[in-house]
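If you want the building blocks of each chain, they are given just below.
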Amino acid sequence: MTKLNPDQVSGAFDIAGRATGFMPYGTGHINDTFLVTFDTGKRYIFQRVNTVVFRDPETLMRNFVAVTNHIGAKIAAEQRNHPGTRRRSLKPARAYDGEPFVRDEAGGFWRCYEFIDGARTFDIVENPGQAFAAAAAFGGFQHDLSDLRTRLAETIPDFHNTPARLAALETAVRQDVAGRVRNVGSELDFVMARRELCGRLIRLQQAGELIERTTHNDTKINNVLIDDVSGTGVCVIDLDTVMPGLPRYDFGDMVRSATNPMPEDTRDLDRVEMRSDIFEALLRGYLSTAGRFLNSVEKSLLPFSGVLITLEIGIRFLTDYVSGDVYFKTSRPEHNLDRARVQFKLAASIERHLGEMEKLNESIGG
Ligand code: ADP
Ligand code: GN1
Ligand code: MG
């Protein structure tokens, strides 16, 4: 059955007025996102959740509501009514049946929240100020959730279990369903040479040295809205993978997505590199908000997490390429391979800078 559009489901949400227009929005790889305008002049984000990736979207939405209620209550308690504070959390709309979602007759699973005005996301960080702002917002988000008493459901089990991601790649290579393994020899060599790295954080966690916390798990830099005027981080979005995890993964994904000056899928690999000034701004921004609750072991692993997550996401893109593009949205046959190559080039660059990154981390209190 053909997929429905947001204007066909908008009437099921308890929103004043009528939807008058919609357009696809954002550059995410998983869900379908739309900006919908109502005749009241108000704008909303509608999302058709990818139910192949998120098998239990109702549980996911229970997490979503728990998180946004928790942060919303803090905002109310703080009673700081300047615009930045009011916009700090997403506000999910309710359907007329009281649920924070709507299922359409074509099998689509929809949610909706208010559009946050006066702010935007960036796919590529333009300057250290933006990196500081984004990292401070993600650290603030972790801090906001550090006293959440309920343990959230795992929307994707083993999401950042790097050894499990490696095992999935090995299985995909053995099966070679798309006949693409012959194209990825050097990429596989790159990964296999780093096999030992993959288990490092998980081993520390299993040894009880790293504490499980509620983390975002998808801190790609375009998952935080930056204020158009002040340049500060306004609101952390894309809450599908907020669940128990290690804060290090969140910092690592900021390093992966913000330090690279090129698009995540560029073919111009010569220009892919880790920008040291952006790393420093991320570290300072993140510690300005998360430094308060992290312990010293957690802090010492911040630079390494950049290598690990970049390698892990590269492994995931490569696995999807070998599997015939079944997970991430693609717009060309080699798209996932191009993405994987960028991650590996960036991981190698981070590795080369690791010594100086660790020195900096020690010197600023990480
Ligand atoms: P995806 O899962 O597709 O990455 P996101 O939830 O990250 O979806 O949303 C896609 C884009 O839509 C974001 O990068 C951001 O630009 C925009 N966006 C999402 N939610 C809002 C919001 N409440 N207000 C303004 N823009 C938003
Ligand atoms: C996906 O949804 P989006 O585009 O923010 C993916 C992340 C990856 C990222 C790589 C649920 O994030 O884990 O790091 O692509 N999200 C999911 O760009 O798999
Ligand atoms: Mg997103």
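The structure this text deals with has already been given above.
Residues numbered from 1 in each chain as written. Chains lettered and ligands numbered in written order. Predicted model: local features only at pLDDT ≥ 70, side-chain atom pairs only at ≥ 80, totals over all residues. Heavy atoms only, no water.

**Q** Outline the sheet that holds strand β9 (residues 233-236), listing residues and values.
**A** Spatially, β6-β8-β9 is the arrangement adopted by the 3 strands of the open sheet, whose pairing is antiparallel. At either end of the open sheet lies a strand with only one pairing partner, and these are β6 (119-120) and β9. Taken together, the 3 bridges between strand β8 (residues 224-227) and β9 define a ladder with antiparallel strand orientation. When the bridges of β9 are listed, I226 appears paired with G233. (Pairing = 2+ DSSP bridges. Helix = DSSP H or I, 4+ residues; strand = E, 2+ residues; numbered from the N terminus.)

**Q** Which residues make up the site of ligand 1, and what values do they have?
**A** Of all residues adjacent to ligand 1, which total 18 residues, the nearest are Q47, E114, I116, T121 and D238. Between N223 and ligand 1, the recorded distance is 3.0 Å, taken from a side-chain N or O atom to an oxygen atom. When ligand 1 is considered free in solution it has 550 Å² of accessible area, and contact with the protein chains removes 95% of it. Elements that contribute at least two residues to the shell around ligand 1 include exactly β3 (43-48) and β5 (109-114). The residue makeup of the shell around ligand 1, split by class, is 8 nonpolar, 8 polar and 2 charged. (Near = heavy atom within 4 Å. Polar contact = N/O pair within 3.5 Å; in protein donor to acceptor, adjacent residues only side chain to side chain. Areas by Shrake-Rupley, 256 points an atom, 1.4 Å probe, with all protein chains shown as cover. Nonpolar A, V, L, I, M, F, W, Y, C, P; charged D, E, K, R; others polar.)

**Q** So, the coordination of the magnesium ion (ligand 3): which residues are in play, and what are the values?
**A** Protein-derived ligands of the magnesium ion (ligand 3) are N223 (OD1) and D238 (OD), with the metal-ligand distances lying across 2.2 Å. Of this pair, N223 sits in the loop between β7 (213-215) and β8 while D238 is found in the loop between β9 and β10 (243-245), placing the two residues 15 residues apart along the sequence. The exposure class of D238 is partly exposed, given its relative accessible area of 22%. (Donors = N, O, S within 2.8 Å, 3.2 Å for Na, K, Ca; no water. Buried < 20%, exposed > 50% of the residue type's maximum accessible area, 1.4 Å probe, protein only.)

**Q** Lay out the site of ligand 2 with the relevant residues and their values.
**A** Surrounding ligand 2, one finds 17 residues, the nearest of these being H29, K220, E264, R316 and Y327. Taking E264, its side chain carries an N or O atom lying 2.6 Å from an oxygen atom of ligand 2. In the model, an oxygen atom of ligand 2 is placed 2.8 Å from a nitrogen or oxygen of the R316 side chain. In the complex, 97% of the free accessible area of ligand 2, which totals 440 Å², lies under the protein chains.

**Q** Please set out the environment of I30 residue by residue, giving values where relevant.
**A** Of note, I30 is situated in the loop between β1 (19-24) and β2 (32-38). Each C-alpha atom of the pair I30 and R48 lies 9.6 Å from the other, and the pair is 18 residues apart in sequence. If near-sequence neighbours (up to four positions away) are discounted, I30 is found in contact with N50, V53, F54, Y327, F328 and K329. (Contact = heavy atoms within 4.5 Å.)

**Q** Please give an account of the nonpolar core that cites residues and values.
**A** Ranked by size, the top nonpolar core spans 101 residues in total, and within it F251, L282 and L318 carry the most contacts. No other element matches the 12 residues that helix α12 (residues 302-322) contributes to this core. If we ignore the near neighbours within four places in the chain, the residues touching L318 are L169, V184, E187, L188, V191, L337, A340 and F344. (Core = buried A, V, L, I, M, F, W, Y, C linked by side-chain atoms within 4.5 Å.)

**Q** Quick rundown of the packing of aromatic side chains? Include the residues and the values.
**A** Applying the stated rule across the entire model yields 12 aromatic pairs. Judged by centre distance (5.9 Å) and plane angle (75°), the ring pair of F22 and F34 falls under edge-to-face. With F22 in strand β1 and F34 in strand β2, this pair connects stretches of sequence that are 12 residues apart. Measuring from centroid to centroid gives 5.2 Å for F251 and Y286, while their planes differ by 40°, and the two rings are tilted. Pair noted here: F251 is in helix α9 (residues 247-259) and Y286 is in helix α10 (residues 276-290), with a separation of 35 residues, a long-range link. (Phe/Tyr/Trp six-rings, centres within 6.5 Å; stacked < 30°, edge-to-face > 60°.)

**Q** Requested: an account of the packing of α9 against α10, with residues and values cited.
**A** The N-to-C vectors of α9 and α10 enclose an angle of 145°; their axes lie 10 Å apart at closest approach. Relative to α10, α9 is oriented so that their crossing is right-handed. For the pair α9 and α10, the contacting residues are P247, R248, F251, M254, V255, A258 and T259 in the first and I278, F279, L282, L283 and Y286 in the second. Taken together, the residues of the contact of α9 with α10 sort by class into 10 nonpolar, 1 polar and 1 charged. (Axes fitted to C-alpha atoms, helices over the stretch in contact; angles between N-to-C directions. Left-handed = near helix turned anticlockwise from the far one by under 90°.)

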